[in-house]
Amino acid sequence: MKKVSAFSVFKMKKEKEDSTSTEAPEPLRKVTSTPVIPKEEKKNKKNILKGGSFRGSLRGTKKIRPTILTDGFGNSPYVAGDAGTVKLTAVKPSPDHHKEMQSLKTSMEKMVNGTEKNNSVHEKGKSAKEKKNPKLISPKSKKSSDSSVSSINLPPKPVRAVDEESSTAPAKKRRKIEKSPSVQSLSNRSLTSERETSKTSKNSTLYMYDSSKEAEKVFECLIHPVKMEKFFKELWEKKPLLVKRHMSQYNSGWFSTAELQKILQEENVKFGINLDITSYVNGKRETHNPPGRAYAPVVWDFYQNGCSVRLLNPQTYSKNVWKLLSRLQEFFGCCIGANVYLTPAGSQGFAPHYDDIEAFILQLEGKKHWKLYGPRNVQETLPRFSSGNFDQGEIGEPILDVVLEAGDLLYFPRGTIHQAKTMEDAHSLHITVSCYQKNTWGDFLQQLVPKALHIAVEEDIEFREGMPLDYLNYMGLAFMDIENPRRKDFLQKVTSLVEKMMTKYAPVDAACDQMGKQFVHDSLPPVLSDFEKANSIHGTGEHWEDSKKQVVGTVEIEPDTHIKIIRKGILRLVTEDENVRIYHSLDNTRIYHGIDPQFIEITAEAAPAVEYLILAYPDYVPVDSLPLATIEDRIEIASTLYDYGLIVTEEPLEPIADDDDASNNKGKDNS
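These numbers come from a predicted model, not from an experiment.

A. Representation of the sheet that holds strand β15 (residues 562–565). Here three strands make up an open sheet; going across it, the order is β19-β15-β20 and the pairing antiparallel. Of all strands in the sheet, those with a lone pairing partner are β19 (621–622) and β20 (647–649), marking the two edges.

B. Unusual backbone geometry, seen in detail. Backbone torsion omega between H224 and P225 reads 10°, so that peptide bond is classified as cis. Along the chain, P225 turns up in the loop between α5 (211–223) and α6 (228–235). For the bond running from Y617 to P618, omega is 10°, close enough to zero to count as cis. Here P618 is to be found in the loop between α14 (607–616) and β19.

C. Quick peek at the pattern of salt bridges. By the definition in use, this model includes 23 salt bridges. A salt bridge links K262 to E266; the shortest N-O distance between them is 2.9 Å. Separated by four residues within a single helix, K262 and E266 lie in helix α7 (residues 257–266), roughly one turn from each other. K262 sits in the partly exposed class, given a relative accessible area of 24%. Given the relative accessible area of 51%, E266 is considered exposed. Where R634 meets D624, a salt bridge forms, and the shortest distance between an N and an O atom there is 2.8 Å.

D. Molecular detail of the environment of A215. Among the structural elements, A215 can be located in helix α5. Judged by its relative accessible area of 0%, A215 falls in the buried class. A C-alpha to C-alpha distance of 8.1 Å links A215 and Q329, two positions 114 residues apart in sequence.

E. Highlighting the sheet that holds strand β17 (residues 579–584). One open sheet holds the three strands; their spatial order is β16-β17-β18, and the pairing between them is antiparallel. Two strands close off the open sheet at either side, each with one partner strand: β16 (571–576) and β18 (598–602). Strand-to-strand twist in this sheet, taken as the mean axis angle between neighbours without regard to direction, amounts to 30°. Looking at chain direction, β17 and β18 are connected through five bridges and run antiparallel. By the bridge assignment for β18, H584 is matched with Q598. Helix α12 (residues 508–522) contacts β16 and β17 of the sheet and is inclined by roughly 130° relative to β16.

F. The arrangement of the nonpolar core in detail. In terms of nonpolar packing, the biggest core is built from 51 residues, with F219, F231, F255, L275, L328, F332 and F360 touching the most fellow members. If one sorts the elements of this core by residue count, helix α9 (residues 319–332) sits on top with six residues. Not counting chain neighbours up to four residues away, the residues in contact with F219 comprise M228, F231, F232, L328, F331, F332 and F360. Y209, V555, V610 and L626 belong to the second largest nonpolar core, which has 42 residues in total.

G. Quick peek at the packing of aromatic side chains. The final tally for this structure, using the stated rule, is 27 aromatic pairs. Seen from their ring centres, F219 and F331 are 4.8 Å apart, and the 20° between their planes marks the pair as stacked. Residue F219 is located in helix α5, and its partner F331 is located in helix α9; the two are separated by 112 residues in the primary sequence. The exposure class of F331 is partly exposed, given its relative accessible area of 22%. Relative to F390, the ring of Y354 lies with its centre 5.9 Å away and its plane at 40°, an arrangement referred to as tilted. Residue Y354 is located in the loop between β7 (337–343) and β8 (358–373), and its partner F390 is located in the loop between β8 and β9 (400–405); the two are separated by 36 residues in the primary sequence. Residue class for Y354 comes out buried when judged on its relative accessible area of 9%. The buried category is assigned to F390, whose relative accessible area is 8%. Ring pairs connect the aromatic residues F219, F231, F232, W236, F331, F332, F360, Y411 and Y436, which therefore count as one cluster.

Criteria and thresholds
- Residues numbered from 1 in each chain as written.
- Predicted model: local features only at pLDDT ≥ 70, side-chain atom pairs only at ≥ 80, totals over all residues.
- Heavy atoms only, no water.
- Pairing = 2+ DSSP bridges.
- Helix = DSSP H or I, 4+ residues; strand = E, 2+ residues; numbered from the N terminus.
- Salt bridge = Lys/Arg side-chain N within 4 Å of Asp/Glu carboxyl O.
- Buried < 20%, exposed > 50% of the residue type's maximum accessible area, 1.4 Å probe, protein only.
- Axes fitted to C-alpha atoms, helices over the stretch in contact; angles between N-to-C directions.
- Contact = heavy atoms within 4.5 Å.
- Core = buried A, V, L, I, M, F, W, Y, C linked by side-chain atoms within 4.5 Å.
- Phe/Tyr/Trp six-rings, centres within 6.5 Å; stacked < 30°, edge-to-face > 60°.

See below:
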């Protein structure tokens, strides 16, 4: 049987509904993405972008040039033991411990700071020494050969020469083969400016970048040497993990006290919004935020007087933190947050409490004495909300008592009561990376059950039948302990209806899409590499060239242009209220929910092409292979996605060398 796209079914259903309605009204839409031209009367061509696009309507028309404008990111040293107990085991470092850690740190720096070169064409020439530890080698950039597609069959992957330059294509539309941007060391990068090399070479292999694999490697480095499988099987949401690395520089580069000073000097940081001043003295927790901006001298005065400083949204100001969180959010599939804590020597900023997040503590500078306590009861295990402050007498004995030093990692599940105090001889700076807030089965069912009930009531007469006449005479709290056959029948009926609702009417995929839509809105925007910018609208296309006093650099998508989604986790294809929308995070700000959800509304006919690109990732596919009826439709949807910055081309698009340029320039010379 031929497989069809779910959106093809959606389209057919919609067409059927439209055919039965004599005058179906145009659905109201709230479009919070880039405004589009209102829908006009259709002539010969159907717009892929619902509502139409002025830029799209001009695509393919002759460009008038020159356009003159006016001036103007082994084993666990600490493994939780049997249920209810914790076992701390010391792992003796191997002779090559520091060398191994340094190599791993370098690998992590490369992954987070910039894209890596594709070395797949050189694999055969690698020495045995280079192949010894494949984990420290950058991921191969070969195209995946095991892509699984459930509803659309992907085309065969074209075989392309490394130094291919088609002699049959028009000269004005030939594209150059570019090599991957070089990697910049994390330890050498500047906090004020950051540049990556993106030189090109015809002899280099095209770079295949899989953002989900890169995100996985960042997390592997974060918890090293604990294996990821062991972590999620034995520790995740169950028990704390302590990693003592004995390498003070392992976490360096993410953030520093010097960077905090720079942020306070240059950014408009507000007390109570972006930064808190706290203390915990003699069992009393206090916040000392004055109104207004957090000027550096005021913050340091509080610090000198024993107060802790908490930066609430470091990703807004620190590009390194932004990089780390934007990678990890793709790995976890949920919002990733962070706080930075700076505490002077011999002080404590917070009372014992538990949080509603999974916490990863990265010690950056100095050292800090931590105490962890198990949940007090089942209700406080994996809680959905954070606790208030506890007195010391309410929390019992610690399950872990340890001093974190620079380079160390501490993980603990939500619901773990904790408190931390600096030593008398050193300050402490650490960053807490948090995830899985309100990302539970319960949160998912809150999305699913109301929708399932709505569908069941609408489509099944059994859910619309009346309640028993006398059910109030045997149901309710007053009748709970009374044996009554009618109670038994009533409860069986409820169970039957719920089972029927969930098995027959629950829109599981639609609820997952709503969770995905929320994740996209919660997300940080991606930190794009120079390679991604050079191969997308983020760094190429029309621009003003002042020396010519005109717009130059026009590029166009062609049938043989190879494209893919720019990052795997940046968009979600959703059907809502008879409409198909692409929600995306590209325009999100670095402030949580700093902008409304951003989406593009497309026609149901164009949706299979977007689904096709989602399923094909990380492979590039030619525009001509998109499952749409005509080549014009394929180019239109590809161009629309390109114009919104959602796709990247395999090779940079070559600006069109229009004949008008030569004649215009010739005319200028003669004048």
